[in-house]
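Residue-level listing of the chains:
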Amino acid sequence: MKDVRIEQITGREIIDSRGNPTVEADVLLTDGTVGRGSAPSGASTGRFEALELRDGDSRRYGGKGVSQAVAHIQKDIQNVLKGVSPFDIYHIDQVMIRTDGTTDKSGLGANAMLAVSIACAAAAAQSLQIPLYRFLGGINGNRLPVPMMNILNGGAHAANTVDVQEFMIMPAGAPSFREGLRWCTEVFHALSGILKAKGLATSVGDEGGFAPDLASDEEALQYILDAVEKAGYTPGTDFVLAIDAAASEWKGAKPGEYVLPKNGQAFTSQELTAHWRHLVDAYPIYSIEDGLDEEDWDGWQILTKELGQRVQLVGDDLFVTNTERLAKGISLDCSNAILIKLNQIGTVSETMEAVKLAQQSGYRAIVSHRSGETEDTTIADLAVALNTCQIKSGAPNRSERVAKYNRLLRIEEELGDGAMYPGFQAFGKI
Ligand SMILES: O=C(O)[C@@H](CO)OP(=O)(O)O
Ligand SMILES: [Mg+2]
């Protein structure tokens, strides 16, 4: 490996797509290369995520978390990483983890560590003059992911009456990523027309999906199916549907009890499982994320027994990209897929370990954005590098989401006839 070292690390405060402060890092190498990384932020954050230093959290630094994260980058992290080779990201992350010294990354802040970890990977790739997906995945990374495009928002992401957080379309029948993305945008526009014709709002939620007031999740699914057909596609063949219930936001009085915050309806785990089964019977749903609460392991076991052979059951808040929680889920037969978010765990290498563990255990891994995003496109490269075959990156009408889709278009073009878009093949029989 060439003898290039980290020369300087600069942290700064930028804003995310919700207009909140977040952290960015620039890593300058001795050969003059500069890599950049930034940290996104969630709204429906899981209780077990790594701790980020964010403004407004008065427990930390009087609510001025981001400026502290920036200070940690400039002092503590720069001190330990100056002079280190940028090419071994696992080593870089371990140095930061040791310096942080906590189990939840509250010492340096998961957002400070992630911005630097991403910036180091970006700088290393640039210094080697290879794309980031090649640096992270070698020649093995060649699959373009099927987008899970969120086109209708509810829950904590929208001020409407819908309790399910995300309704997504997946163009699994498309011949390529480019075509699949185009199909998605056509359905998105068709949905806009349908909502307008019904006199419903076409204002949008945090991830760009429409956020109309609707009476039920079934009404949302029906409009989306209508939009798929109006755009000239066949549900089940060209497109399948996915939902993220984000049910950890529905905690009732005790574990296993749920209350929908907006419409007030109450469920037990069993009743919620029966509700999901009903939706899977009635609609071409391929994937359900966080169908139950992050602490309802018993409920997840039953849900997986009942539906795990028929649909993808994704643990987001349940696993928080954490290999220990994922290992627990695997041993208990909870879910069959994991959502992968870099900032839930706080470093690139730990994120890669979570994907590896999932794939070795027959679980699917889906790389995901956060509801508060930046223009950083690392997740696009990560999805290709690790052949996750699925990516969640929101609607096609907000630049912070579109940046990831456009990055994937460029990667597909760059890979030429080496690019693969596995579509339904990626999912196997489910
Ligand atoms: O729950 C989710 O999957 C994400 C992204 O869609 O939302 P947030 O970033 O608010 O946790
Ligand atoms: Mg989620």
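By the naming in an unreviewed UniProt entry, the protein chain is Enolase, taken from Megasphaera cerevisiae DSM 20462. On record in UniProt, under Function (unreviewed entry), the comment for the protein chain is "Catalyzes the reversible conversion of 2-phosphoglycerate (2-PG) into phosphoenolpyruvate (PEP). It is essential for the degradation of carbohydrates via glycolysis." Quoted verbatim from the Pathway (unreviewed entry) field of UniProt, the annotation for the protein chain is "Carbohydrate degradation; glycolysis; pyruvate from D-glyceraldehyde 3-phosphate: step 4/5."

Peer 1: Teacher, can you tell me more about the site of ligand 1 here?
Peer 2: The immediate surroundings of ligand 1 are formed by 16 residues, with Ala43, Glu166, Glu207, Ser371 and Lys392 found nearest. Ala43 places a main-chain nitrogen or oxygen 2.7 Å from an oxygen atom of ligand 1. At a separation of 2.6 Å, an oxygen atom of ligand 1 approaches a polar side-chain atom of Ser371. Burial of ligand 1 by the surrounding chains reaches 100%, relative to a free accessible area of 310 Å². When atom positions are compared with the pocket grids, ligand 1 is found to occupy the second largest cavity. Across the shell around ligand 1, the residue classes break down as two nonpolar, six polar and eight charged. Two domains share the shell around ligand 1, each providing at least three of its residues, namely domain 1 (6-129) and domain 2 (146-427).

Peer 1: Is there a simple way to explain the UniProt feature "active site" (unreviewed entry) in the protein chain in this structure?
Peer 2: UniProt records the feature "active site" (unreviewed entry) for Glu207 and Lys341 in the present numbering. In this structure, the largest cavity is lined, among the annotated residues mentioned, by Lys341. Looking at the element boundaries, Glu207 is found in the loop between helix 5 (177-197) and helix 6 (217-230). On the basis of relative accessibility, which here comes to 2%, the residue Glu207 falls in the buried class.

Peer 1: Could you clarify how one ought to interpret the domain arrangement of the protein chain in this entry?
Peer 2: Accessible area lost upon the coming together of the parts is a frequently used measure of interface size. The domain architecture assigned to the protein chain consists of domain 1 (6-129) and domain 2 (146-427). The centre of domain 1, based on its C-alpha atoms, is set 27 Å off from the matching centre of domain 2. Across the contact, 31 residues belong to domain 1 and 33 residues belong to domain 2. Summed over both sides, the interface between domain 1 and domain 2 buries roughly 2,600 Å², with carbon and sulfur atoms accounting for 51% of that surface. Of the charged contacts, one joins Glu350 and Lys105 as a salt bridge, the two residues approaching to 3.0 Å between their closest N and O atoms. Viewed at the interface, domain 2 and domain 1 are joined by 24 residue pairs in polar contact (both at pLDDT 80 or more). Those elements that provide at least two residues to the side of domain 1 that touches domain 2 are strand 3 (34-38), helix 2 (89-100) and helix 3 (110-127). The greatest single-element share of the side of domain 1 that touches domain 2, amounting to five residues, is contributed by helix 3. Tallied by class, the residues present in the side of domain 1 that touches domain 2 amount to 13 nonpolar, 10 polar and eight charged.

The rules behind these values
- Residues numbered from 1 in each chain as written.
- Chains lettered and ligands numbered in written order.
- Predicted model: local features only at pLDDT ≥ 70, side-chain atom pairs only at ≥ 80, totals over all residues.
- Heavy atoms only, no water.
- UniProt positions renumbered as here; feature names shortened; annotations may be inferred.
- Near = heavy atom within 4 Å.
- Polar contact = N/O pair within 3.5 Å; in protein donor to acceptor, adjacent residues only side chain to side chain.
- Areas by Shrake-Rupley, 256 points an atom, 1.4 Å probe, with all protein chains shown as cover.
- 1 Å grid on protein atoms, 1.4 Å probe; cavity = no way out; pocket = protein on both sides within 12 Å on 5 of 7 lines; lining within 4 Å.
- Sits in = over half its atoms within 2 Å of the grid points.
- Nonpolar A, V, L, I, M, F, W, Y, C, P; charged D, E, K, R; others polar.
- Domains from an automatic or database assignment.
- Helix = DSSP H or I, 4+ residues; strand = E, 2+ residues; numbered from the N terminus.
- Buried < 20%, exposed > 50% of the residue type's maximum accessible area, 1.4 Å probe, protein only.
- Contact = heavy atoms within 4.5 Å.
- Buried area = accessible area lost by both parts, 1.4 Å probe.
- Salt bridge = Lys/Arg side-chain N within 4 Å of Asp/Glu carboxyl O.

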